[in-house]
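Descriptive analysis of the structure
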Amino acid sequence: MIPEHEVKARLRDFGVAVPRGVTADGPPGIAEAAQGLTPPLVLKAHGPGLVHKSDAGAVRLGLASAADAAGAAAEMRERLAAQGITPEGFLVEEQAPPGVELIVGLVRDAGFGPVVLTGLGGVWTEVMRDTALRLCPIGEADAREMLASLRGWALLTGYRGAPAVDVEALVKLLVRLAGHGGLWEELDLGEFELNPVIASPGGVIAVDARHLPALPTAVDARHPPALPDGGRDLPADTIREAAPPTDFTALFEPRKVAVVGASTTRPNFGNMFLEFYKLTGVPVVAVHPEAGEIAGVAAVPTTAGTGADYALVAVPAARCADVVRQATGIPFVQVMSGGFAELGHPELESELVSAAREAGTRLLGPNCMGVYSPRGGQTFVGGEQGPPGSVAMISQSGGLAGEVIKVGERRGLAFSRVVTVGNSADVTPAELLRWLAADPETSVVGLYLEDPRDGRALFEALTAVRGRLPVVLLVGGRSTQGRRAAASHTGGLVGDGRVWRALAEQSGATLVAGQDDLIGVLSFFQAHAARVDVPGDPGVLLIGPSGGAGVLAADVLDGAGLALDSLPAPARDALTALGVGVGSSLANPLEIPVGPRARAGLVREAIAAIVARQPYPDVVAHVNVQSFFTYGDTAEPLYAYARHLAEAQAELPGTRITLVTRNGECAPPGVEDEVRAIVSAAGIPVFRSMEGAAAAVAAGKRFARARTGVVTTWTSPAPALDIGAT
């Protein structure tokens, strides 16, 4: 660990305030060197074994003179010797005046590269764990958002009569460390920490500093070197950066597909894919060393000369490299087979990447299911394909992607491109995201990731599409980043799922908690893709029957960071004229009769009356489906309600309407589907729970803010998920 006084000298060069201090080898030198310092003084020992000085008893505060500091150093040296620690020297500093203690740290995350952390410091770092993260580099807006997100924000702005600290000085400190041209770019970054930084009305001062340079790390079995010889040639990432961007059109819309691995005797995955492609109508050829045909599909002995744009390889892992090596002239090869780095065989994966380079092809996978695109006849799921649409998805899990396709299409999603990437040995999520951002067929992208493979590239790709392309992010599994024993609080605190949350905050992506929310938010963006000018302020109008359900819904919306703005007096007068409010209050949420005996068009009239007098960017309409069949015997009143709601959306292009069909399971079969069809045709997404609708509406507002670049004082709370919290 670099001695603290050397770290502070570097900080001083970067314009960061640190206490005045001197160093000495031992007590005699302290008595002389510290004469010019103004008490009270702080004494610290430094050297091997003193990573956590306070725990070892290597810090003394409140010393009244240089002589006292020298005496304290003698006592300290004896106590440390009893622990087997011999200090290299001592640092004596002027003690900083009291203030709010914070932590500011930098660490190189194993997946995402340099990140910056701030939060309550001193003992509160461990007790409260009240911290905020961002990936480097950050700007002043990022720094302000980090500070404002802390639970201890009130301590910085003045609490119970205490003066506010100099927040702008804190912002400048964060940017000097983690902004463009900041200290993070010059450090040999393992872990770097200032804890505490004392903030006061007069500024900020870093009273403790720690820097541990990066340690050599072993090769991660999931991220093997690009070549078996350890990288004699350029690594894959370097080659990708130097090469022109890949056009992935043929991956999703191949003119011909070659399937390697189908059997003549024992049907397997290869045979399954032959049947899939026969159903979609994409020209397909089987590759088999002996057979002339398999299941009615012509077979050839090698991929060479097939004229295929896409080859699917489903043979044992040990044979895959030889197959890929023969794929010269085929733009894309997908290796479905598993048994590579994910199972502890990085050498097989390295050989696979090398084989793809030799063949001049791009490799998808290994350990992935493939591609789905109704527009191009590509599929890895059985059954009839859904209609082509504008929703894309990149997934590291083939099974989950298949679920999202089938469930999503059942709920009205229409896909443009779905791609599973498995181990991402060559083609990565970041590269695909950049291509999809320019794809005219795609208006929203979902991501399911477990290990980003190249987190820094993913961060850059997400940042590049911020405000241009809505991205919905679902993270699976506990984060494996930063799991080595951390010598600083920063290292320990970064090594969990908060880095994903930081990624979403900076890029404008929406982080969701599960598959249902992923599908729901994608549905929202698909339905409202044309309403790009709707503002991102938190205002929502909630309208529907039952006061109790409205109160519960208001709690859900509030929890998502949404605001139920009060209705203005002119709107209340207009509602009274419509007969709304008899026996109930005219407020937001607005209770309105909806049921088999209510006037179906009342909801459309009420929404129009309110929005004409106070624009709401979002309206959430909810309906109790059960009531239509408890107090009625036909679905027609419910269909009439849906038609009027659809008319309301057509009349209000500057407002996004979302429908929640509560208790939909109480309807006869087919009723929910018909309601969804009626309102979806008008661009209204449908949810079965208020929680799902709230997550989607909050995501829409988040994207609107990213699109306009507006920084607001409200933030949607983090999703209720625990991805690796320590």
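Identification of the chain as CoA-binding domain-containing protein from Sphaerisporangium flaviroseum is taken from an unreviewed UniProt entry.

Tallying secondary structure elements over the chain gives 26 helices and 28 strands in all. Across the 726 residues that make up the chain, the buried fraction comes to 56%. Contacts in the chain between residues far apart in sequence, at least 24 positions, make up 72% of those at least 6 positions apart. For the chain, the accessible surface area stands at approximately 28,900 Å², while carbon and sulfur atoms represent 54% of it.

Take the packing of helix α24 (residues 636–651) against helix α25 (residues 671–680) next. Interhelical geometry of α24 versus α25 gives an angle of 20° and a closest axis separation of 8 Å. By the angle between their axes, α24 is roughly parallel relative to α25. Along this stretch, α24 crosses α25, giving a crossing that reads as right-handed. Only Val671, Glu674, Val675, Ile678 and Val679 of α25 make contact with α24, whose side of the interface consists of Leu638, Tyr639, Ala642, Arg643 and Ala646.

Our next topic: unusual backbone geometry. The omega torsion of the bond from Pro39 to Pro40 falls at 0°, within 30 degrees of zero and hence cis. Note on placement: Pro40 falls in the loop between α2 (27–33) and β2 (41–46). Omega for the bond connecting Asn195 with Pro196 falls within 30 degrees of zero, at 10°, which places this linkage in the cis form. Non-glycine residue Arg160 carries a positive phi angle of around 50°. Locating Arg160 in the fold gives a position in the loop between α7 (153–157) and α8 (167–178).

On to empty space enclosed by the protein, then. Throughout the structure, instances matching the rule amount to 2 cavities of 30 Å³ or more. Along its surface, the largest cavity is lined by Leu462, Val465, Arg466, Gly467, Leu469, Val471, Ser507, Gly508, Ala509, Phe703 and Ala706. As a volume, the second largest cavity reaches approximately 40 Å³. The dominant element in the lining of the second largest cavity, judged by the number of residues it contributes, is α25, at 3 residues. The residue makeup of the lining of the second largest cavity, split by class, is 2 nonpolar, 1 polar and 2 charged.

Looking at the chain, pLDDT values average 88 and 90% of them are 70 or higher. Overall, residues 478–493 carries pLDDT values under 50, and its contacts beyond four positions in sequence, including any with other chains, amount to 55 contacts. Predicted confidence for residues 711–726 stays below pLDDT 50, and this span has 43 contacts to residues more than four positions away or in other chains.

Our next topic: the sheet that holds strand β1 (residues 21–24). Taken in spatial order, the 4 strands of this open sheet run β1-β4-β2-β3, and their pairing is antiparallel. Where the open sheet ends on each side, the last strands, each with one partner, are β1 and β3 (59–63). Strand-to-strand, the axes of this sheet are offset by a mean angle of 20°, without reference to chain direction. Sheet topology note: the β2/strand β4 (residues 89–94) ladder contains 6 bridges and is antiparallel. Pairing of Ala45 across the sheet is with Phe90, part of β4. The strands that helix α1 (residues 4–13) touches are β1, β2 and β4; relative to β4, the one it contacts most, it runs at about 45°.

With 7 of its 7 residues buried, strand β26 (residues 618–624) lies for the most part within the structure. Neither face of β26 is open: one carries Asp618, Val620, His622 and Asn624, the other Val619, Ala621 and Val623, and all of them are buried. The pairing of strand β24 (residues 540–544) with β26 spans 4 bridges and is parallel. Bridge assignment links Leu542 to a residue of β26, and that residue is Val620. Note that β26 and strand β27 (residues 656–662) share 7 bridges and pair parallel. Residue pairing in the sheet places Val620 in a bridge with Thr658 of β27.

Time to look at the pairing of strand β9 (residues 203–206). Pairing of strand β8 (residues 191–200) with β9 involves 4 bridges; the strand directions are antiparallel. Across the sheet, Ile198 pairs through a bridge with Ile205, a residue of β9.

Moving on, we get to the sheet that holds strand β18 (residues 371–372). One open sheet holds the 6 strands; their spatial order is β18-β20-β19-β21-β22-β23, and the pairing between them is mixed. Edge positions in the open sheet fall to β18 and β23 (510–512), since each of these has one partner strand only. The pairing of strand β19 (residues 391–395) with strand β20 (residues 415–420) spans 5 bridges and is classified as parallel. The partner of Ile394 across the bridge, within β20, is Val419.

In this section: the environment of Val335. Of note, Val335 is situated in strand β16 (residues 332–335). On a C-alpha basis, the gap between Val335 and Cys320 in space is 7.3 Å, while along the polypeptide they are 15 residues apart. In this view, Val335 contacts Val313, Cys320, Val324, Phe340, Leu352, Leu363, Leu364, Gly365, Pro366, Asn367 and Cys368; residues no more than four positions away in its chain are not counted.

With 17 residues, helix α4 (residues 66–82) extends 25 Å from end C-alpha to end C-alpha; this agrees with the ideal 24 Å at 1.5 Å per step. Of the residues making up α4, those classed as buried are Ala66, Ala69, Ala70, Ala72, Ala73, Met76 and Leu80. Along the axis of α4, the buried positions cluster into a sector of 160°, meaning they face one direction only. With respect to the buried face of α4, the exposed residues turned more than 90 degrees away are Ala67, Glu78 and Ala82. On its buried side, α4 packs onto α2, β2, α3 (53–56), β3 and β4.

Attention now moves to the pattern of salt bridges. Throughout the structure, instances matching the rule amount to 34 salt bridges. A salt bridge links Glu505 to Arg702, with the shortest nitrogen-to-oxygen separation between them at 3.8 Å. Of the two residues, Glu505 sits in helix α18 (residues 498–507) while Arg702 sits in helix α26 (residues 690–708), which places them 197 residues apart along the sequence. Note on Arg702: relative accessible area 13%, which makes it buried. Note that Glu651 is salt-bridged to Arg604, the shortest N-O span being 3.6 Å. Here Glu651, found in helix α24, pairs with Arg604, found in helix α22 (residues 602–611); they are 47 residues apart in sequence, far enough to count as distant.

What counts, and at which threshold
Residues numbered from 1 in each chain as written. Predicted model: local features only at pLDDT ≥ 70, side-chain atom pairs only at ≥ 80, totals over all residues. Heavy atoms only, no water. Helix = DSSP H or I, 4+ residues; strand = E, 2+ residues; numbered from the N terminus. Buried < 20%, exposed > 50% of the residue type's maximum accessible area, 1.4 Å probe, protein only. Contact = heavy atoms within 4.5 Å. Areas by Shrake-Rupley, 256 points an atom, 1.4 Å probe, with all protein chains shown as cover. Axes fitted to C-alpha atoms, helices over the stretch in contact; angles between N-to-C directions. Parallel < 35°, antiparallel > 145°, perpendicular 65-115°, else oblique. Left-handed = near helix turned anticlockwise from the far one by under 90°. 1 Å grid on protein atoms, 1.4 Å probe; cavity = no way out; pocket = protein on both sides within 12 Å on 5 of 7 lines; lining within 4 Å. Points joined across faces, edges and corners; volume = space filled by probe spheres on them. Nonpolar A, V, L, I, M, F, W, Y, C, P; charged D, E, K, R; others polar. pLDDT = per-residue confidence, 0-100. Pairing = 2+ DSSP bridges. Expected span 1.5 Å × (residues − 1). Arc of directions from axis to C-beta. Salt bridge = Lys/Arg side-chain N within 4 Å of Asp/Glu carboxyl O.

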